[in-house]
Amino acid sequence: MRSRVMLRTFACAIVAASSVTVLADDAKPDAPAKTPEVKVETEKPATPAKADEKAKADEKPNAAVSADAQKVIDEVAQAYGSLKTLQLEGVFSGKFDVAGQQSGGSIPFTASFESPNKFRHSTKDDVLIGSTGEKAYTYAAEDNIFAQADAPKEKVATKDLPIDMHKIISAQNPSLRLALAKDPGKELVDDVKEAAKVDDTKIGETACPTLKLTMNDGTVLTLAIDPTSHLIRHANLDLRAKLEARKIPNIKEAFYAVDYTTSTPGAAVKAEQFAWAPPAGAKDVKDMKGPANPQGEEGDATAMVGKDVPDFKLAGLDGKTVSKADLKEKVYILDFWATWCPPCRASLPHLSELYQAEKAAGLIVYAVDCSEEKQTVEDFIVKTKLGVPVLLDSDGKAAATFKASGIPETVVVGKDGKVAKVLIGFDPEETPKELKAAVEAAMKK
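Q: Go over unusual backbone geometry with me, naming the residues and quoting the values.
A: Note the cis peptide between serine 115 and proline 116, where omega equals 5 degrees. Of note, proline 116 is situated in the loop between β3 (101–114) and β4 (118–123). Positive phi, normally seen in glycine, also occurs at serine 371, with a value near 60 degrees. At lysine 403, a position not held by glycine, the phi torsion is positive, near 55 degrees. By secondary structure assignment, the location of lysine 403 is in the loop between α11 (397–401) and β19 (409–413).

Q: Quick one: what's the story with the pattern of salt bridges, residue by residue and with numbers?
A: All told, the structure shown has 12 salt bridges when counted by the stated rule. A salt bridge links arginine 177 to glutamate 187; its shortest N-O distance comes to 2.6 Å. With a gap of 10 residues between them, arginine 177 in helix α5 (residues 174–180) and glutamate 187 in helix α6 (residues 184–189) connect regions that are remote in the sequence. Both residues of the pair, arginine 177 and glutamate 187, belong to the buried class. A salt bridge links aspartate 259 to arginine 233, with the shortest nitrogen-to-oxygen separation between them at 2.8 Å.

Q: Give me the packing of aromatic side chains: which residues, what numbers.
A: What describes a pair of aromatic rings is the distance from one ring centre to the other and the angle between the planes of the rings. Tallied over the full model, the rule gives 10 aromatic pairs. Plain terms: the ring middles of tyrosine 139 and tryptophan 276 are 6.1 Å apart, the flat faces sit at 50 degrees to each other, and that makes the pair tilted. Of the two residues, tyrosine 139 sits in strand β6 (residues 135–140) while tryptophan 276 sits in the loop between β12 (251–265) and β13 (283–284), which places them 137 residues apart along the sequence. On the basis of relative accessible area, tryptophan 276 is assigned to the buried category, the value being 18%. Three or more aromatic residues joined by ring pairs form one cluster here, namely Tyr137, Tyr139, Phe146 and Trp276.

About the thresholds
- Residues numbered from 1 in each chain as written.
- Predicted model: local features only at pLDDT ≥ 70, side-chain atom pairs only at ≥ 80, totals over all residues.
- Heavy atoms only, no water.
- Helix = DSSP H or I, 4+ residues; strand = E, 2+ residues; numbered from the N terminus.
- Salt bridge = Lys/Arg side-chain N within 4 Å of Asp/Glu carboxyl O.
- Buried < 20%, exposed > 50% of the residue type's maximum accessible area, 1.4 Å probe, protein only.
- Phe/Tyr/Trp six-rings, centres within 6.5 Å; stacked < 30°, edge-to-face > 60°.

Here it is in structure tokens:
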């Protein structure tokens, strides 16, 4: 369970970081991820004229890059661009001490790559992703579910990889991301405001040239580069500035890191390293009813608006169950959250305030905890004195049914039993206003 929580936490961080180049992309995990944030908004289609302008803008990085940083970037781009094969081992880790809550941990991973389009990234006890050269796939062993699509025949921008696999690669394995990228130099400076070379990072006895990439949102990505191979040796994503901008209090530590223990360019690889077929009994997400792809987009959830609320039956901390049938002809909110998620914790006081103000008028609110132990939730409730009833989605099935690919996800249901509003992420300035307006509109009908 720990590794899945780490993935969800990173998704939360992606929403926090919004758009981070090598370590995290414009995404959402379990997340999949924009965040502590954050209200996630779907990009509107561009008009033809604006699309041309956008395409031209995308061709040119907008980063202010120092001359010495550019030299390192060019060396890194050359190294990754010329790779034929690559073997990697490493550890993805993180630590949060935010708003009085602590969380963190580490997940080991291995990866193999063969140019242009074969790869495999395996995280201990978690998701497996890869490409056979013909098919790209993701596989969640714990749930025995998979998704697959045709693999690109040549290298592409990693955001164009199918089934949203770039989100996991960007988060957990930035070295693999650059190996797969059509233009690794461009991906290094995507959404970067300023790129500078800072003091070398000492790793063991090796002095590694180090890049400090300051993103447009203030998030800082630090990359230590192996001086011989010019491949990434260590990556650290500091999220404090982003969280502070979202007015999340008492931020002592908030970072994710990837440390490569083995990085072997030109390694001998075998065809069987990239072979994959769905295990016996595995379910293809496209054939599943209800739950969406674990890497689903925000649109999966917002598409519920105007439709009958999905069936659910959840137990509360007191053991009593609550179901869709129990809430017939009521206006209610289901807020999907977790104790490890900073934007969730930031949003809960606002949710409680709305509940206290409107419950006399008939509003019902439930905070639906996603896949955590009951004791963990109880301890959090006691510590925070949360004034909202809590339900436990211990197996994650309700979150899947409600397509909660990014949390917090707040679902407003009207008296007619239809979904009136879905809000994903949390923006302290806008989300409470939108939620209040949605509730007031539903109460009037």
